Amino acid sequence: MIDIGVNLTNSRFDKDRAQLIARAKDVGVKGMLVTGTNLHESQQALLLCQQYPNYLACTAGVHPHDADNVADDYLQQLSVLAKSEQVKAIGECGLDFNRNFSTPTNQLRVFSQQVQLANELKLPLFLHQRDAFEPWLEVLRPFIGKIPAMVAHCFTGDLAQLKQCLDLGMYIGITGWVCDDRRGKNLHDIVKHIPLNRLMLETDAPYLTPRTIRPKPKSSRNEPCYLPYVVDTLVGAMGHSFEDIIENSYHNSQTVFNWEH
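Definitions and limits used
Along each chain, residue indices are assigned from 1 in the same order as the chain's sequence is written. Two thresholds apply to this predicted model, a pLDDT of at least 70 for residue-level local features and 80 or more for giving and counting side-chain atom pairs, whereas whole-chain, interface and lining totals are computed over all residues. Note: side-chain values were computed over all heavy atoms of the structure, leaving out hydrogens and water. The numbering of helices and of strands both runs from the N terminus, where a helix is a DSSP run of H or I of at least 4 residues and a strand a run of E of at least 2. Relative accessibility thresholds used throughout: buried, under 20% of the residue-type maximum; exposed, over 50%; partly exposed, between the two (1.4 Å probe, protein chains only). Counted as a polar contact is a pair of N or O atoms within 3.5 Å, where, for protein atoms, one must be capable of donating a hydrogen and the other of accepting one, and residues adjacent in sequence contribute only when both atoms are in side chains. The contact criterion used is simple: two residues touch if any of their non-hydrogen atoms lie within 4.5 Å. What counts as a disulfide here is a pair of cysteine sulfur atoms lying within 2.5 Å. It is the directions from the helix axis to the C-beta atoms that the arc portrays. For Phe, Tyr and Trp, where Trp contributes only its six-membered ring, two rings pair if their centres lie within 6.5 Å, and the inter-plane angle classes them as stacked under 30 degrees, edge-to-face over 60, or tilted in between.

## What about the side chain of Gln114?
Turning to its location among the elements, Gln114 is positioned in helix H4 (residues 104-121). Among the residues examined, Gln114 registers a relative accessible area of 0% and is labelled buried. Here the side chain of Gln114 touches Val62 through a polar contact of 2.8 Å, landing on its backbone nitrogen. Not counting residues within four places of it along the chain, the set of residues in contact with Gln114 comprises Gly61, Val62, Tyr74, Leu75, Leu78, Ile90, Cys93 and Leu125.

Below is the structure:
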């Protein structure tokens, strides 16, 4: 397994990051892609990767929540980070009109600029979208077939949106959201439509702890060693074997992120 979405720079991991990585290895997680959510976090993610060069890789980008606060030269700084072999994608970038921590205008500007950067650098995109599907797709559509790959991180949309993403060649990242019988029921019902050659696995740790963990963990903090619980749920929802889901998602992640293990 490769966990393609881990917020490993999060302060909730400061006390036991090394132990967390060891626990992930113990359950068969062969690598983690550390998420860069703004310039500082992207720099921290790369520093972490340099401590674990054979196990961690990362993204570099600005999340829509941070779009209001980008430095004038943020694109130049992202370009410098992206020269590192361990930076595998531009992102997490996109649009979030659910919470609007940054203005929609700035979100659209910063997202568009990062899409153009990914096109220039020929790097995949690691994408965020919430309550903004149509404008998000409008930004991406001109670059379909030009950017090496687009990954819809933590997909939580409906069937029509899923089919549009698949029709445009995107890869679909599935998290513990699919294990939530309240919020994730709709996702659980539609994941069977994802072909195995487009599936990726992620925890989005420390968020989205699978609700299927038994006994229930004392801490609400999610971590990569819980990734098998996502696979277990997908086995039932997709009708594929545990091994097929792991093997295909692993191959997809290696191919898209140009990341050999």
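## Digging into the environment of Pro104
Relative to the assigned elements, Pro104 resides in helix H4. Sequence separation between Pro104 and Ala67 is 37 residues, and the spatial gap between their C-alpha atoms is 9.0 Å.

## Details of the state of the cysteines
What we call a disulfide is simply a covalent bond connecting the sulfur atoms of a pair of cysteines. Counted under the stated rule, the structure contains zero disulfides. Here Cys49 stays free of any disulfide, with the sulfur of Cys58 as its closest cysteine sulfur at 3.8 Å. Here Cys225 stays unpaired: no disulfide links it, and the sulfur of Cys179, its closest cysteine neighbor, is 13 Å away.

## Details of helix H1 (residues 17-26)
Every buried residue of H1 is listed here: Arg17, Leu20, Ile21 and Ala24. Buried residues of H1, seen end-on, are gathered within an arc of 100 degrees and therefore sit on one face of the element. Against the buried residues of H1 lie strand E2 (31-34), helix H2 (39-51) and strand E3 (56-60). Gly28 lies just past H1 and shows a positive phi near 100 degrees.

## Quick look at the packing of aromatic side chains
A complete count under the given rule lists two aromatic pairs for this structure. Relative to Trp136, the ring of Phe133 lies with its centre 5.6 Å away and its plane at 40 degrees, an arrangement referred to as tilted. Of this pair, Phe133 and Trp136 both sit in helix H5 (residues 133-140), three residues apart, which is roughly one turn of that helix. You can call Phe133 buried: its relative accessible area is 6%. Between the aromatic rings of Tyr226 and Tyr229, the centroid separation amounts to 6.3 Å while the plane-to-plane angle is 70 degrees, which identifies the pairing as edge-to-face. What makes Tyr226 buried here is its relative accessible area of 15%.

Scope: geometric values only; no functional claims are made or implied.
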